[in-house]
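# Structural overview for review
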Amino acid sequence: MTCMQDKPESGSPTSLSAPRLRISLAFRWGLCAYSRARPEKDYAFKGNFVLQDLIENGQSMRTISLPRGRQRLHAMPTSTGYEVREDEIYDWDGRKRGQTPFTVLQHTISGTGRLRYENRNYRLQKNDTLLVLVPHNHRYWLAGDERWEYFWISMNGEEALRIHKSILSVSGPVFRLQPATIDHLADCSLRLIKGAASPGAASAIAYEAAMALYDDVFGSHAFAEKQSVMQPVIDHIGANLDRPLPVADLVQISGLSRAHFSRCFAESEGLPPAEFVLQQRLQRAAKLLTKADFLPVKEVAILCGFEDANYFSKVFRRCYGITPSQFRTTGMYANLRTPARRGVRAPDDET
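The notes below deal with the structure included here. Each chain has its residues counted from 1, following the order in which its sequence is written. Note on the predicted model: pLDDT of at least 70 is required for a residue's local features to be given, and 80 or more for side-chain atom pairs to be given and counted; whole-chain, interface and lining totals, by contrast, use all residues. Where side-chain values are given, they derive from all heavy atoms of the structure, hydrogens and water being excluded.

### Some details on the pairing of strand 10 (residues 147–156)
Buried means the residue's accessible area, taken with a 1.4 Å probe over protein chains only, is under 20% of the maximum for its type, while exposed means over 50%, and partly exposed covers the values in between. Here a helix means four or more residues in a row that DSSP labels H or I, a strand means two or more in a row labelled E, and each is numbered from the N terminus. Taken across its 10 residues, strand 10 has 8 buried, putting it largely inside the fold. One ladder, built from 8 bridges, connects strand 5 (residues 102–111) with strand 10; its direction is antiparallel. From the neighbouring strand, S110 faces strand 10, where its bridge partner is E149. Two strands qualify as a pair provided that DSSP identifies no fewer than 2 bridges between them.

Below you can see the structure in the form of structure tokens.
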């Protein structure tokens, strides 16, 4: 049996003797049957029908377990639930939840939560959705006397991780979803609780949730247009990571004014241009450190556009939490394809 629960952090103030990830028992069977039967187009028509029902029925929690299949599935839920936390210790550190990769998608219904993602702080409020990868350098928690109401779906599997990493690479860890998408995800959570009696059924619902998120983030025409405008710039960055990449040169390639370029680039890629270049340099460095272990760290720094090896080590440590040499020897982040986002601030004009 595979227990659908987040693993408590070792040494964390929230480590418990019994699972704390629980789900409401108050959902009506009639609603869940309706949710399974209705066509996808009804999510937009009904608004937040499932989510509103969840809120109105209040809290009554239980732990969920699903059987393990013999074959590895591309998307598999590990936990799901609805909770209201208030005046209590609630604290998750993405570096202390084991080395098995999984993701947490958590939507704020009301109240306030806190997230520290690398070196940037976020205050999560109503309608904010959080997406994080574990293991990773982040922490989310309930602060002081605040209240946080949310539902979540956690999952693993090669395809689920790939989709969520691609979303993180353009949107960062906090974003706003369409109401229909939120309702769709809430429905997936309910169906995992009430109807996912086999690994195949659970995997299908997890994949459906991942695709609903994918469509919301990548499906808009405006987003696609911004992506296409920035593609020559992205291609130039990728081909010249071993060279200086001043923002002025990127502006010239785009053909836009500097102010318009900076705004469009950030909307398209989720980061200012200089920070995006730095993120790409660190991504290449991580690959070279794990795939080309014959290269000295100093040479890796040069190949990734860092003239000063000491500065490279300092920036790398801020991003990954360990030095390049430690990263290479421990292999603790070998499964990560992209480095932490928004974690290290690059110079305003040159990277």
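This is not the end of the story, as more comes after the structure.
### Notes on the packing of aromatic side chains
Here is the rule: rings of Phe, Tyr and Trp (six-membered ring for Trp) pair when centre to centre is within 6.5 Å. Planes less than 30 degrees apart are stacked, more than 60 are edge-to-face, and the remainder are tilted. By the definition in use, this model includes 14 aromatic pairs. Ring centres 6.3 Å apart and planes at 55° place the aromatic pair Y90 and Y140 in the tilted group. With Y90 in the loop between strand 3 (76–86) and strand 4 (91–93) and Y140 in strand 9 (residues 138–141), this residue pair connects regions lying 50 residues apart in the sequence. No difference in accessibility class separates Y90 from Y140, as the two residues are buried. Ring centres of F316 and F327 lie 5.2 Å apart, and the angle between their planes is 90°; this geometry places the pair in the edge-to-face category. Taken together, the positions of F316 in helix 12 (residues 309–320) and F327 in helix 13 (residues 324–330) put the pair 11 residues apart, joining distant regions of the chain.

### As for the sheet that holds strand 8 (residues 128–134)
Across the sheet, which stays open at both edges, the 5 strands sit in the order 3-10-5-8-11 with antiparallel pairing between neighbours. Edge positions in the sheet fall to strand 3 and strand 11 (174–176), since each has one partner strand and no second. Each strand axis lies, on average, 20° off the axis of its neighbour in the sheet, ignoring direction. Direction of pairing for strand 8 relative to strand 11: antiparallel, over a ladder of 3 bridges. Counted as the bridge partner of T129 is F175 from strand 11. Along the sheet face, helix 5 (residues 179–194) touches strand 3, strand 5 and strand 10 and points at about 70° away from the line of strand 10. Should any heavy atoms of two residues lie within 4.5 Å, those residues are counted as being in contact. Helix axes are fitted only over the stretch in contact, all axes being lines through C-alpha atoms; the angle between N-to-C directions runs from 0 to 180 degrees. Running at roughly 65° to strand 3, helix 6 (residues 199–218) makes contact with strand 3, strand 5, strand 8, strand 10 and strand 11 of the sheet.

### Description of the sheet that holds strand 6 (residues 113–117)
Taken together, the 4 strands give an open sheet; going across it, the order is 4-9-6-7, and neighbouring strands pair in antiparallel fashion. Pairing within the sheet leaves two strands with one partner each, and these edge strands are strand 4 and strand 7 (120–124). Averaged over all pairs of adjacent strands, the angle between strand axes in this sheet comes to 10°, irrespective of strand direction. In the sheet, strand 4 pairs with strand 9 via 3 bridges, with the strands oriented antiparallel. Bridging from a neighbouring strand, W92 pairs with Y140 of strand 9.

### Details of helix 4 (residues 158–171)
The span one expects for a helix is its residue count, reduced by one, times 1.5 Å. For helix 4, spanning 14 residues, the distance from its first C-alpha to its last is 20 Å, which sits close to the expected 20 Å at 1.5 Å a residue. In terms of burial, helix 4 is a largely internal element, 10 of the 14 residues being buried. What helix 4 keeps buried is the set E159, A160, L161, I163, H164, K165, I167, L168, V170 and S171. In the segment just after helix 4, G172 is the residue with positive phi, at about 75°.

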